[in-house]
Amino acid sequence: MTFVADPVASPSPETPETPALVARLRATYESGATRPLEWRRHQLLQIVKMLEENEEEFQQALAADLGKPRVEGYLTDIAFVISEIHLMLKNLKKWNKAERVPTPIVAMPAKSQLIPEPLGMVLVIAPWNYPIQLLLVPAAGAIAAGNAVVMKPSEVSVATSTALARHIPRYLDQSAIALVEGGVPETTELLEQRFDHIFYTGNGTVGRIVMAAAAKHLTPVTLELGGKSPVIVDASADIDIAARRVAWGKWLNAGQTCVAPDYVLVDKKVEAQFVDALGRAITDFYGNDPKSSTDYGRIVSPRHFDRLNAMLDSGTVVIGGQSSATDRFISPTVLRDVDMNSRLMTEEIFGPLLPIVPVDNVDEAIKQVTSRSHPLALYVFAKSKAVIDKVLARTTAGGVTVNGTLMHLTSPHLPFGGVGESGMGGYHGKAGVRLFQHMKPVLARGTRIDPSLAYPPYTDRKMKIFRKIL
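Residues numbered from 1 in each chain as written. Predicted model: local features only at pLDDT ≥ 70, side-chain atom pairs only at ≥ 80, totals over all residues. Heavy atoms only, no water.

## What about the overall build of the protein chain?
Alright, step 1. When helices and strands are counted, the protein chain shows 16 helices and 20 strands.
Alright, step 2. Rg of the C-alpha trace for the protein chain: 25 Å, near the compact-globule value of 23 Å for 470 residues, within the 12% margin.
Alright, step 3. Dimensions of the protein chain, computed from the C-alpha atoms along their principal axes, are close to 85 × 60 × 35 Å.
Alright, step 4. Burial analysis of the protein chain (470 residues in total) assigns 55% to the buried set.
Alright, step 5. Sequence separation of 24 or more characterises 73% of the internal contacts of the protein chain that already satisfy a separation of 6 or more. (Helix = DSSP H or I, 4+ residues; strand = E, 2+ residues; numbered from the N terminus. Rg over C-alpha atoms; globule rule 2.2 N^0.38 Å. Buried < 20%, exposed > 50% of the residue type's maximum accessible area, 1.4 Å probe, protein only. Contact = heavy atoms within 4.5 Å.)

## A few points about the packing of helix α3 (residues 55-66) against helix α6 (residues 158-171)
Alright, step 1. Axis separation between α3 and α6 bottoms out at 7 Å; the angle between their running directions is 155 degrees. It follows from the interaxial angle that α3 and α6 lie roughly antiparallel. Taken together, the residues of α6 that come into contact with α3 (itself represented by Glu57, Phe58, Ala61, Leu62, Ala64 and Asp65) are Val158, Ala159, Thr160, Ala163, Leu164, Arg166 and His167. (Axes fitted to C-alpha atoms, helices over the stretch in contact; angles between N-to-C directions. Parallel < 35°, antiparallel > 145°, perpendicular 65-115°, else oblique.)

## Overview of the environment of serine 154
Alright, step 1. Considering the arrangement of structural elements, one finds serine 154 in the loop between β4 (148-152) and α6.
Alright, step 2. The exposure class assigned to serine 154 is buried, which follows from its relative accessible area of 7%.
Alright, step 3. For the pair formed by serine 154 and valine 106, sequence separation is 48 residues and the distance between their alpha carbons is 53 Å.
Alright, step 4. Residues contacting serine 154, with those up to four places away along its chain left out, are Ala126, Pro127, Trp128 and Ser161.

## A look at the nonpolar core
Alright, step 1. With 141 residues, the main nonpolar core has Leu51, Leu136, Met151, Phe274 and Leu278 as its most contacted residues.
Alright, step 2. The element that contributes the greatest number of residues to this core is helix α4 (residues 70-95), accounting for ten residues.
Alright, step 3. Leucine 136 has contacts with Ile47, Met50, Leu51, Val81, Met151, Leu164 and Ile168, leaving out every residue within four places of it along the chain. (Core = buried A, V, L, I, M, F, W, Y, C linked by side-chain atoms within 4.5 Å.)

## Quick word on the sheet that holds strand β2 (residues 110-118)
Alright, step 1. The sheet built from three strands is open, its strands ordered β1-β2-β20 with antiparallel pairing. Every interior strand has two partners, whereas the edge strands, β1 (99-101) and β20 (437-445), have only one. Strand-to-strand, the axes of this sheet are offset by a mean angle of 30 degrees, without reference to chain direction. (Pairing = 2+ DSSP bridges.)

## Brief notes about the pattern of salt bridges
Alright, step 1. The full count for this structure, using the stated rule, is 21 salt bridges.
Alright, step 2. We note a salt bridge from lysine 68 to aspartate 77, for which the minimum N-O separation is 2.7 Å.
Alright, step 3. Judged by relative accessible area, aspartate 77 falls into the buried class, the value being 0%.
Alright, step 4. Note that aspartate 327 is salt-bridged to arginine 298, the shortest N-O span being 3.7 Å. Taken as a pair, aspartate 327 in the loop between β11 (323-324) and β12 (329-330) and arginine 298 in the loop between α10 (271-286) and α11 (302-309) lie far apart in primary sequence, 29 residues in all. (Salt bridge = Lys/Arg side-chain N within 4 Å of Asp/Glu carboxyl O.)

## What about the pairing of β2?
Alright, step 1. Pairing between β1 and β2: three bridges, direction antiparallel. Following the sheet pairing, valine 101 is matched in β2 by serine 112.
Alright, step 2. Where β2 lies against β20, nine bridges are found, and the strand directions are antiparallel. Note on β20: the bridge partner recorded for leucine 114 is proline 441.

## A look at the sheet that holds β4
Alright, step 1. The strand order across the open sheet formed by six strands is β5-β4-β3-β6-β7-β18, and the pairing between neighbours is mixed. Two strands close off the open sheet at either side, each with one partner strand: β5 (177-179) and β18 (423-424).
Alright, step 2. Where β4 meets β5, three bridges bridge the pair, whose relative direction is parallel. When the bridges of β5 are listed, valine 149 appears paired with isoleucine 177.
Alright, step 3. Those strands touched by helix α1 (residues 18-30) are β3 (121-125), β4 and β5, and its axis lies near 150 degrees from that of β4.

## Concerning the packing of aromatic side chains
Alright, step 1. The full count for this structure, using the stated rule, is seven aromatic pairs.
Alright, step 2. Ring centres of tyrosine 296 and phenylalanine 329 lie 6.0 Å apart, and the angle between their planes is 75 degrees; this geometry places the pair in the edge-to-face category. Here tyrosine 296 is found in the loop between α10 and α11, whereas its partner phenylalanine 329 is found in strand β12, with 33 residues between them in sequence.
Alright, step 3. Tyrosine 296 sits in the buried class, given a relative accessible area of 2%.
Alright, step 4. Taking the centre distance of 6.1 Å and the plane angle of 55 degrees together, the rings of phenylalanine 416 and tyrosine 427 count as tilted. Of this pair, phenylalanine 416 sits in strand β17 (residues 416-417) while tyrosine 427 sits in strand β19 (residues 426-427), and the two are eleven residues apart along the sequence.
Alright, step 5. For phenylalanine 416, a relative accessible area of 5% puts it in the buried group.
Alright, step 6. Each member of the aromatic cluster is reached from another via a ring pair, and the members are Phe199, Phe416, Tyr427 and Phe436. (Phe/Tyr/Trp six-rings, centres within 6.5 Å; stacked < 30°, edge-to-face > 60°.)

## Notes on the environment of aspartate 389
Alright, step 1. The residue aspartate 389 is located in helix α14 (residues 385-394) in this model.
Alright, step 2. Among the residues examined, aspartate 389 registers a relative accessible area of 35% and is labelled partly exposed.

## Quick word on the pairing of β3
Alright, step 1. Where burial is concerned, most of β3 is hidden: five out of the five residues are buried.
Alright, step 2. Every second residue of β3 is oriented toward a common face, with Met121, Leu123 and Ile125 on one face and Val122 and Val124 on the other, all of them buried.
Alright, step 3. Handedness of the crossover is the feature at issue here: the chain leaves β3, passes through helix α5 (residues 133-144), returns alongside β4, and the resulting connection is right-handed.
Alright, step 4. In this structure, β3 lies alongside strand β6 (residues 197-201), joined through four bridges in parallel fashion. From the neighbouring strand, isoleucine 125 faces β6, where its bridge partner is tyrosine 200. (Right-handed = clockwise from strand over helix to strand, strands pointing away.)

## Concerning the side chain of threonine 401
Alright, step 1. Summarising the element assignment, threonine 401 is placed in strand β16 (residues 399-402).
Alright, step 2. When near neighbours in sequence (up to four residues on either side) are disregarded, threonine 401 contacts Leu378, Tyr379, Val380, Leu406, Met407 and His408.

## Quick notes on unusual backbone geometry
Alright, step 1. Cis geometry marks the peptide bond from methionine 108 to proline 109; its omega dihedral reads -5 degrees.
Alright, step 2. Of note, the amide linkage connecting proline 456 to proline 457 takes the cis form, showing an omega dihedral of 0 degrees.

Geometric values such as these leave the question of function open.
Structure below.
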């Protein structure tokens, strides 16, 4: 996902100075106030209550920032968070219970367990493209794990940031949970403080800045980054279904999704058929005039609009290509004959432009994928199990959906995260709670029996026993 240093919003006048804010929240954490499960449960329920009671305001904010259709806003930002939190609430006690593990014979008599404990102070830095989901889902995981949390929404999605800043202090425990608005200066000041975990969603450039800042305090980080997520369309695929599912995944949120299909590697034998099917899918979804569709979003800022508009000359536009700076509209666009050295093919697009790259076979497609950095997501369409197995065995990606796009993110039982330059660490569901915990190993020995075997003097007899039991 892309971080942009656009003009920043001013910090809220009610927000205390950052060092004092962090110190106050840390004092609350160290008092033990965030550890009881009932405190965690109440905060999670309050997030749900906040979203439900203020849904209309959040919907309007998402529309103002991104032109989000109501259904998209509900499904991807509001309902997604509520669903994740309901799962956390259902499993809160179980996920925070000590886990018994085996004890080696050499330590007997004893019992061993792993006790989940919170890390302490957590900083969550969110992007602008799904500004509610990508702030509140990791924050909810940190809260469920028993931490104090500072949330930093993106200043680019200013309407949503303002709404969140207004409501979070009203619903959540201000002594342990805070939201800081602002842009680069405020984020920089936050990163100068000592946290116990930093969760950042954005791009690799800023990810490196976050990591460097965290290194000064030896703070662990989770980086949810991006990259060019490829689609492989094999000749054996159901082309109509492949086109519809690629179109849905690509033009959701006007392409401003970290795991949106970034380019398509399609077998030459079915390239023309696939492009034709894409055109039909676009018309089915958004009509003959996507600009007038209530189901199609807008580019978040003039800066992003200009960046994307400049990419249109990197290939031959075969579908779409229309744009309007006045309302930051770029139509669903498909390009062929693309320049492989252009920004279109070397940078994450993060917008509604879809390059089509023909390949001779799946082996060439795999070679194209593996010649680049590991993507955050990979999609393969094929009926042939051999083709699917080959792609899975020979490529590396943060996550994969077979015969679909984006859907691996929807399962709370599949951790979502990157690998290599697309990120580190994973969350959602149980993984989203464990991420913000230390599983403390505890071995408790009994005292009724105290075998002399382990103590000196070490005799030949003891050595023989050691060789048998170890």
